Amino acid sequence: MNVPILDRFAPHVLAGALCLGLAGSLALRAAGRSTLAVALVATIASVAIADDRGRVAALALALAAGGLWWGSVRLEALDRSVLAPRIGEVGPALVEITGPTRRTPFQLRVPARIRRFRGLELREAVLLRLPLGRAPPQGAIIESVVELREPRGPSDGFDERAMLHRRGVHVVARGRSWRLVGRRGGISGVADRIHHALAGAIAPGLTGERRAVLAGLVLGEEEAMSEELRERFRASGLYHLLAVSGQNVAFVAGGVLLIAWLLGISRLVAEVGALGAIVAYVLAVGWQPSVVRAGVAGALASLAWLASRPRDRWYFLLLGAAVLMTWDPYSLLEPGF
């Protein structure tokens with residue numbers, strides 16, 4: 001193997017090794033010092049080895065070992081629950097709404113995070129179940145008296161407990177009434193404002209199921225769609241259109257570039273604008289594997305142009321997978337991955 005070929009594929013090998021280590025943590029938990037020692041020794045060896053091939057191999061080993069260690073650390077954090085030992089208890093809670101509400105024929109299912117329960121300060125993701133009626137908006141901070149329950153196990157081919165576990169949720173909080181007491185701030189608050197602005201702008205003047213379909217296409221939110229309409233999408237084979245994916249990110253970036261070209265704006269400004277639009281869109285729709293993967297690839301494509309570097313879709317794909325699994329190795333098991 002000559003050096004040019006090695007130089008060309010070395011980034012792919014290194015990114016792939018990191019992904020392999022992160023994925024391996026799902027099967028082999030290795031959060032001990034031995035794994036870190038392997039990564040450290042491999043890194044030192046890679047510096048000492050003069051041969052390019054040996055250096056790449058040692059760095060790949062270091063990244064794989066480091067990925068295995070970090071993935072194990074993240075899995076331990078995701079598997080840890082303060083509320084699980086309190087299942088069955090009832091008490092006042094301060095709850096942060098982290099996503100859009102899903103309405104079923106019997107209840108509201110709300111992704112949330114409990115900040116305080118019976119005076120105990122914490123930050124743990126839960127599934128909040130509320131009676132049908134007014135739904136708390138995304139980003140709201142509410143007060144409610146909740147009962148902590150265990151997620152349902154396997155039933156009719158669906159295992160709610162396993163699905164929620166992959167998302168770091170170990171407890172279902174069942175409430176009855178709630179009271180709005182504030183809004184979350186920081187980067188999450190910025191994401192909420194972008195989401196609300198985008199939701200209000202996608203279908204001005206439309207109501208009912210037409211608006212619900214557009215919300216599904218643009219934001220991946222099917223909460224307002226009736227079960228009958230969802231079944232029609234499934235029967236027609238078009239249900240995948242309601243999931244935000246790379247197609248949406250491509251439309252966002254392509255739309256910005258097209259508008260800039262029509263207005264005679266320079267390519268440099270257009271690429272910066274496309275990069276900002278991709279980041280804003282990913283924030284608006286939330287941390288979904290399919291959109292984060294596409295967002296990373298789209299952002300890297302703009303950065304590659306700005307840095308005058310060649311674009312490599314396979315390398316972008318590997319980096320997108322690495323970002324997802326670095327934050328949550330369970331992402332590998334999600335259909336959207």
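Residues numbered from 1 in each chain as written. Predicted model: local features only at pLDDT ≥ 70, side-chain atom pairs only at ≥ 80, totals over all residues. Heavy atoms only, no water.

A. Looking closely at the overall build of the chain. Helix and strand counts for the chain come out as eleven helices and nine strands. Taking all 337 residues of the chain together, the buried fraction comes to 39%. Partitioning the contacts of the chain with sequence separation of at least 6, the portion at a separation of at least 24 is 69%. Of the accessible surface of the chain, which amounts to about 18100 Å², a share of 64% is contributed by carbon and sulfur atoms. (Helix = DSSP H or I, 4+ residues; strand = E, 2+ residues; numbered from the N terminus. Buried < 20%, exposed > 50% of the residue type's maximum accessible area, 1.4 Å probe, protein only. Contact = heavy atoms within 4.5 Å. Areas by Shrake-Rupley, 256 points an atom, 1.4 Å probe, with all protein chains shown as cover.)

B. Fine view of helix α8 (residues 246-262). The end-to-end C-alpha distance of α8, which contains 17 residues, comes to 24 Å, matching closely the 24 Å that a straight helix rising 1.5 Å per residue would cover. Regarding α8, the residues found buried are N248, V249, A253 and A260. All buried residues of α8 fall inside an arc of 130° around its axis, so they share one side. Pointing more than 90 degrees away from the buried face of α8 are the exposed residues F251, I259, W261 and L262. Residues of α8 that are buried in the fold lie against α6 (208-219), α9 (267-285) and α10 (289-306). Phi turns positive, to about 75°, at G264, one or two residues after α8. (Expected span 1.5 Å × (residues − 1). Arc of directions from axis to C-beta.)

C. Broad picture of the side chain of Q138. Turning to its location among the elements, Q138 is positioned in the loop between β4 (120-130) and β5 (140-149). Within the structure, the side chain of Q138 is placed 3.3 Å from the side chain of D192, a separation counted as a polar contact. Among all residues touching Q138, those that are not within four sequence positions of it are I97, T98, G99, P100, R183, R184, D192, H195 and H196. (Polar contact = N/O pair within 3.5 Å; in protein donor to acceptor, adjacent residues only side chain to side chain.)

D. Quick peek at the packing of helix α5 (residues 186-201) against α6. Packing of α5 against α6 brings their axes to within 10 Å, and their N-to-C directions diverge by 135°. Taken as axis vectors, α5 and α6 run oblique relative to one another. As for the relative orientation of α5 and α6, their crossing is right-handed in sense. Here α5 contributes H195, L198, A199 and G200 to the contact with α6, which in turn contributes R211, V218 and L219. (Axes fitted to C-alpha atoms, helices over the stretch in contact; angles between N-to-C directions. Parallel < 35°, antiparallel > 145°, perpendicular 65-115°, else oblique. Left-handed = near helix turned anticlockwise from the far one by under 90°.)

E. Focus on the nonpolar core. L83, V95, I97, I114, F117, L128 and L148 are the most contacted members of the largest nonpolar core, which has 20 residues in total. Elements represented by at least two residues in this core include exactly β1 (90-97), β3 (108-117), β4 and β5. Take this core: its biggest share by element is five residues, from β3. The next biggest cluster of nonpolar side chains, apart from the first, holds 15 residues, and it includes A253, I278, Y281 and A294. (Core = buried A, V, L, I, M, F, W, Y, C linked by side-chain atoms within 4.5 Å.)

F. The packing of aromatic side chains, seen in detail. The full count for this structure, using the stated rule, is one aromatic pair. Ring geometry for W69 and W70: centres 6.0 Å apart, planes at 50°, overall tilted. Accessibility expressed as a relative area gives 33% for W70, which makes it partly exposed. For R74, the ring lying beneath its charged end belongs to W327, and the centroid distance is 4.8 Å. R134 extends its terminal NZ or CZ atom over the ring of W178, reaching a point 3.9 Å from the ring centre. (Phe/Tyr/Trp six-rings, centres within 6.5 Å; stacked < 30°, edge-to-face > 60°. Lys NZ or Arg CZ within 6 Å of the ring centre and 35° of its normal.)

G. Main features of the side chain of E124. When you line up the elements, E124 lands in strand β4. In terms of polar contacts, E124 uses its side chain to reach the side chain of S81, at 2.6 Å. When neighbours within four sequence positions are excluded, E124 is seen to be in contact with S81, V82, L83, A112, R113, I114 and V171.

H. Just α5, in detail. Given a rise of 1.5 Å per residue, 16 residues ought to cover 22 Å, and the 23 Å separating the end C-alpha atoms of α5 matches this to within 8%. Listed as buried for α5 are G189, A191, D192, H195 and A199. The arc that holds the buried residues of α5, viewed along the axis, is 155°, so those residues lie on one side. Summarising the geometry of α5, the exposed residues directed more than 90 degrees from the buried face are G186, I187, R193 and A201. Where α5 is buried, its residues touch α6 and α9.

I. Broad picture of the packing of α9 against α10. Here α9 crosses α10 at 165°, and the two axes come no closer than 9 Å. Taken together, α9 and α10 sit at an angle that is classed as roughly antiparallel. Relative to α10, the crossing made by α9 is left-handed. Judged by residue contacts, R267, L268, E271, V272, A274, L275, I278, Y281, V282 and V285 of α9 engage V291, V292, G295, G298, A299, S302, L303, W305 and L306 from α10. Partitioning the contact of α9 with α10 into residue classes produces 14 nonpolar, three polar and two charged. (Nonpolar A, V, L, I, M, F, W, Y, C, P; charged D, E, K, R; others polar.)

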